[in-house]
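Okay, here's what each chain looks like letter by letter:
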Amino acid sequence: MDTYYVSITQQLIHQEPIESGDYEVKLTQDELAQMQDLMSSISKEDEYTFQRTPVPYKSADHDDANEQFTDRIQELYQLIYDTGTEQTKAMIRQQKVLNKLDHTDYKDTGYEDSPLNK
C-alpha cells in the first residue's frame with residue numbers, strides 16, 4: 001500500500017502533495033487503478049455536461065448526464081474517504097460532500113430485512 005495525494009480540481013493523483021487541498025490516501029494497486037478509471041470517467045462526463053450546458057430549452061436538473069456526473073463525483077469522494085488518512089476523512093466530513101456521513105439512518109438497499117436494522 002502506497003501513499004498518494006489526490007487533487008479533485010486538477011483531476012490528478014500524485015506521490016507528493018502539490019496543493020494544500022490535496023487528499024492524502026493509502027492505495028493498493030487495484031485501488032489506484034479504480035481511482036484513475038473513475039477520474040477518467042469524470043473527465044469525460046465533465047466534457048459532455050459542459051457541452052450540453054448552453055442548451056437553453058432543456059433543464060439541467062432533469063438531465064441524466066448531470067446526474068451520472070454527480071454520482072461519479074460522489075463515488076470518487078467515497079473512495080477517497082474510504083482510503084484516506086484521518087485528516088483526509090476529517091476534511092471530507094467538514095466539507096459535507098457525503099450526505100450519508102451526516103445521516104447515519106439513511107436507507108441502503110440490501111439491509112431492509114436485516115435483524116439489526118431497526
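Check the entry above for the structure.
Residues numbered from 1 in each chain as written. Predicted model: local features only at pLDDT ≥ 70, side-chain atom pairs only at ≥ 80, totals over all residues. Heavy atoms only, no water.

Chemist: What's the story with the sheet that holds strand β3 (residues 23–27) in this structure? I'm lost.
Modeler: Note: strands within a sheet are paired through backbone hydrogen bonds, in either parallel or antiparallel orientation. Here we have three strands laid out as an open sheet, ordered β2-β1-β3, and antiparallel in their pairing. Of all the strands in the sheet, the pair left with one neighbour each is β2 (12–14) and β3. Each adjacent strand pair in this sheet contributes to an overall mean axis angle of 35°, direction not counted. Of the strand pairs in this sheet, strand β1 (residues 2–7) and β2 are connected by three bridges, and their pairing is antiparallel. Looking at β2, one finds that S7 is bridged to L12. (Pairing = 2+ DSSP bridges. Helix = DSSP H or I, 4+ residues; strand = E, 2+ residues; numbered from the N terminus. Axes fitted to C-alpha atoms, helices over the stretch in contact; angles between N-to-C directions.)

Chemist: I tried to follow the pattern of salt bridges on my own but got confused; where do I start?
Modeler: Two side chains carrying opposite charge are able to pair once their charged atoms lie near each other. Evaluation of the coordinates by the stated rule reveals one salt bridge. For R72, the salt bridge goes to E75, with nearest N and O atoms at 2.6 Å. Of this pair, R72 and E75 are both found in helix α2 (residues 64–83), three residues apart, which corresponds to roughly one turn of the helix. (Salt bridge = Lys/Arg side-chain N within 4 Å of Asp/Glu carboxyl O.)

Chemist: Help me out: how do you make sense of the environment of Q87 in this one?
Modeler: As for its position among the elements, Q87 is in helix α3 (residues 86–95). Distance in space between the C-alpha atoms of Q87 and Y23 is 8.4 Å, their sequence separation being 64 residues.

Chemist: Please clarify how the nonpolar core should be interpreted in this entry.
Modeler: Within soluble globular proteins, side chains that are nonpolar generally end up buried alongside one another. In terms of nonpolar packing, the biggest core is built from 21 residues, with V6, Y23, L76 and I80 touching the most fellow members. When residues of this core are traced back to their parent elements, those giving at least two are β1, β3, α1 (29–52), α2 and α3. If one sorts the elements of this core by residue count, α2 sits on top with seven residues. (Core = buried A, V, L, I, M, F, W, Y, C linked by side-chain atoms within 4.5 Å. Buried < 20%, exposed > 50% of the residue type's maximum accessible area, 1.4 Å probe, protein only.)

Chemist: What should I look at first to understand the pairing of β1 in this one?
Modeler: Two faces make up the sheet, and in a regular strand the side chains alternate between them. In the sheet, β1 pairs with β3 via five bridges, with the strands oriented antiparallel. Bridge pairing in β3 links V6 to Y23. What sits between the antiparallel neighbours β1 and β2 is a turn of four residues, in which Q11 has the positive phi angle 55°.

Chemist: Sorry if this is basic, but what is going on with the environment of T3 here?
Modeler: Turning to its location among the elements, T3 is positioned in strand β1. For T3, a relative accessible area of 26% puts it in the partly exposed group. The spacing of T3 and H14 is eleven residues in sequence and 9.0 Å in space, taken between C-alpha atoms. Not counting residues within four places of it along the chain, the set of residues in contact with T3 comprises Q15, E24, V25 and K26. A polar contact is formed between the side chain of T3 and the side chain of K26, at a distance of 2.8 Å. (Contact = heavy atoms within 4.5 Å. Polar contact = N/O pair within 3.5 Å; in protein donor to acceptor, adjacent residues only side chain to side chain.)

All we've got here are geometric facts, nothing functional implied.
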